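Here is how the chains run, residue by residue.
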Amino acid sequence: MLETLIELDQQFFLWLNGLHADWLDPIMLAITGRNIWVPLYAVILFFVIRKLKWQSWSMILAFALLITLADQAASGFFKPFFERFRPCHEPAIKDMVHLVKHCGGQYGFASSHASNTFALAFFLLFIYRNVYVRWMIVWAVLVSYSRIYVGVHYPGDIIMGAILGLLAAVITYELYKRIFPNHLEKIHGIV
């Protein structure tokens, strides 16, 4: 059963990764990068600080906890525990992978990019609960797909990363809600 899932994951990866175009390579490489998203993070912090003022330290602390949980679950636990090769390192298929730049670390299950982006997207959705924040889910999907496109993650890596991100968001939100209920009221405009 597990071998069948792994084989299906590889086939699905090869199909998705094979849907590439030369003109799209630099765009996907930029999307998969971390530095391009710094302005987005700055805008998020701006709105948090504008709404919470001096109390924004609590949200910044929550963001730190959120990303630590999401990232460490994927990179600190899953990757060394499961030791599943990235597609670009997998001997059986590495010659068929459209690799846009470099392969990265040896193991890829679960995707840290997916875990971190979905954690942030879901956490913001839980906190702000508005239609604009729903676009963060689209952003997380795009960043996660870029990891398949550039050849460094299987779809299964992405799915597990998204699940880990959701769990990190739920844990962080529940803690935030219990520790800083007044801040949530202020964010939601109740106070």
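This text follows the structure it describes.
Throughout what follows, the structure given in this document is the object of discussion. Predicted model, so just to flag it, every value in this text is computed and none were measured.

Okay, the state of the cysteines next. For the structure shown, the criterion picks out 1 disulfide. One disulfide in the model links C88 with C103; its S-S distance is 1.7 Å. Classification of the bridge connecting C88 and C103 rests on its S-S torsion, roughly 85°, and on that basis the disulfide is right-handed. Residue C88 is found in the loop between helix 4 (56–82) and helix 5 (112–128), and its partner C103 is found in the loop between helix 4 and helix 5; the two are separated by 15 residues along the sequence.

Here we take up the side chain of N116. Following the sequence through the fold, N116 ends up in helix 5. On the basis of relative accessibility, which here comes to 15%, the residue N116 falls in the buried class. Aside from chain neighbours lying at most four places away, what touches N116 is I67, A70 and D71.

Moving on: the pattern of salt bridges. Pairing is possible between side chains of opposite charge, provided their charged atoms come close. A full pass over the atoms with the stated rule returns 4 salt bridges. Put simply, R84 and D9 hold a salt bridge, and the shortest N to O gap is 2.8 Å. Taken together, the residues span a long stretch of sequence, with R84 in the loop between helix 4 and helix 5 and D9 in helix 1 (residues 2–17) at a distance of 75 residues. Across the pair, exposure class does not vary: R84 and D9 are buried alike. Residue R84 pairs with D157 through a salt bridge whose shortest N-O separation is 3.6 Å. Taken together, the residues R84 in the loop between helix 4 and helix 5 and D157 in helix 7 (residues 155–179) connect sequence positions 73 residues apart. Owing to a relative accessible area of 16%, R84 belongs among the buried residues under this scheme.

The next subject is the nonpolar core. Membership of the largest hydrophobic core comes to 49 residues, with the highest contact counts inside it found for M59, F123, I127 and Y176. Every element with two or more residues in this core is listed here: helix 1, helix 2 (25–32), helix 3 (38–52), helix 4, helix 5, helix 6 (135–149), helix 7 and helix 8 (181–187). A total of 10 residues in this core trace back to one element, the largest contributor, which is helix 5. Filtering out sequence-adjacent residues up to four positions away, Y176 remains in contact with L52, S58, M59, A62, I127, P181, H183, L184 and I187. With 5 residues, the next largest nonpolar core counts F78, F109, A110 and L164 among its residues.

Here the bond from F109 into A110 is cis, since omega is 15°, no more than 30 degrees from zero. Within the secondary structure layout, A110 lies in the loop between helix 4 and helix 5. One non-glycine residue, E83, lies in the positive phi region at around 50°. With respect to the element layout, E83 can be found in the loop between helix 4 and helix 5. A relative accessible area of 47% places E83 in the partly exposed class.

Conventions adopted
Residues numbered from 1 in each chain as written. Predicted model: local features only at pLDDT ≥ 70, side-chain atom pairs only at ≥ 80, totals over all residues. Heavy atoms only, no water. Disulfide = S-S within 2.5 Å. Helix = DSSP H or I, 4+ residues; strand = E, 2+ residues; numbered from the N terminus. Buried < 20%, exposed > 50% of the residue type's maximum accessible area, 1.4 Å probe, protein only. Contact = heavy atoms within 4.5 Å. Salt bridge = Lys/Arg side-chain N within 4 Å of Asp/Glu carboxyl O. Core = buried A, V, L, I, M, F, W, Y, C linked by side-chain atoms within 4.5 Å.

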